[in-house]
Amino acid sequence: MANRTRNNGMYLMLSDDELEILNKKYELSGCKTLRRFIMKCILEKDIFVLDMKVFKEMSANIGRITGSINQIAKRVNSTSIIYKDDINDLKKLLEKQGKDIYFLRKKLYELGNLGTNYTEKI
């Protein structure tokens, strides 16, 4: 055992449910040993850290768009008049949302290394 390349051991406690999930994934993996499966999970997977600011902004924009649509609908239902400024404000919010989605999709393509730079233009 003096010639071992891996000298560090680990001990991991799992609940019954976690162990069941681990065993199911191990069986589906086709790996010959549980050790190989765990090593594959740890060493061969990329770890992504997501900046959630984009999602928060998109969620806020969706809330603004929804609020604007509701205000326009109430005004139209009560007065039968729709204002061009309301429509233009809504268009601006939708354009911002579209740009955010385009940015997010572009970043996801880059992270995924999909070998393609194709993203449709907005």
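See the structure shown above.
In short, a report on the structure. From a predicted model like this one, the values you see are computed outputs, not experimental measurements. (Residues numbered from 1 in each chain as written. Predicted model: local features only at pLDDT ≥ 70, side-chain atom pairs only at ≥ 80, totals over all residues. Heavy atoms only, no water.)

1. As for the overall build of the protein
Okay, so step 1: Scanning the protein from N- to C-terminus turns up four helices and zero strands.
Okay, so step 2: Taken from the N to the C terminus, the helices and strands of the protein come in the order α-α-α-α.
Okay, so step 3: For the protein, the residues scored as buried account for 14% of the 122 residues in total.
Okay, so step 4: Looking at the protein alone, contacts between residues at least 24 apart form 44% of all its contacts between residues at least 6 apart.
Okay, so step 5: About 11,000 Å² of surface is accessible on the protein, with carbon and sulfur atoms providing 57% of the total. (Helix = DSSP H or I, 4+ residues; strand = E, 2+ residues; numbered from the N terminus. Buried < 20%, exposed > 50% of the residue type's maximum accessible area, 1.4 Å probe, protein only. Contact = heavy atoms within 4.5 Å. Areas by Shrake-Rupley, 256 points an atom, 1.4 Å probe, with all protein chains shown as cover.)

2. Considering a nonpolar patch on the surface
Okay, so step 1: A contiguous nonpolar patch, built from Leu34, Ile38, Ile42 and Leu43 and spanning about 350 Å² of accessible area, is present on the exposed surface.
Okay, so step 2: Positionally, Leu34 belongs in helix H2 (residues 34-43).
Okay, so step 3: Assessed through its relative accessible area of 31%, Leu34 is described here as partly exposed. (Patch = residues over 30% accessible without salt bridge, like charges linked within 9 Å, V, L, I, M, F, W, Y side chains within 5 Å. Salt bridge = Lys/Arg side-chain N within 4 Å of Asp/Glu carboxyl O.)

Distances and angles like these do not, on their own, reveal function.
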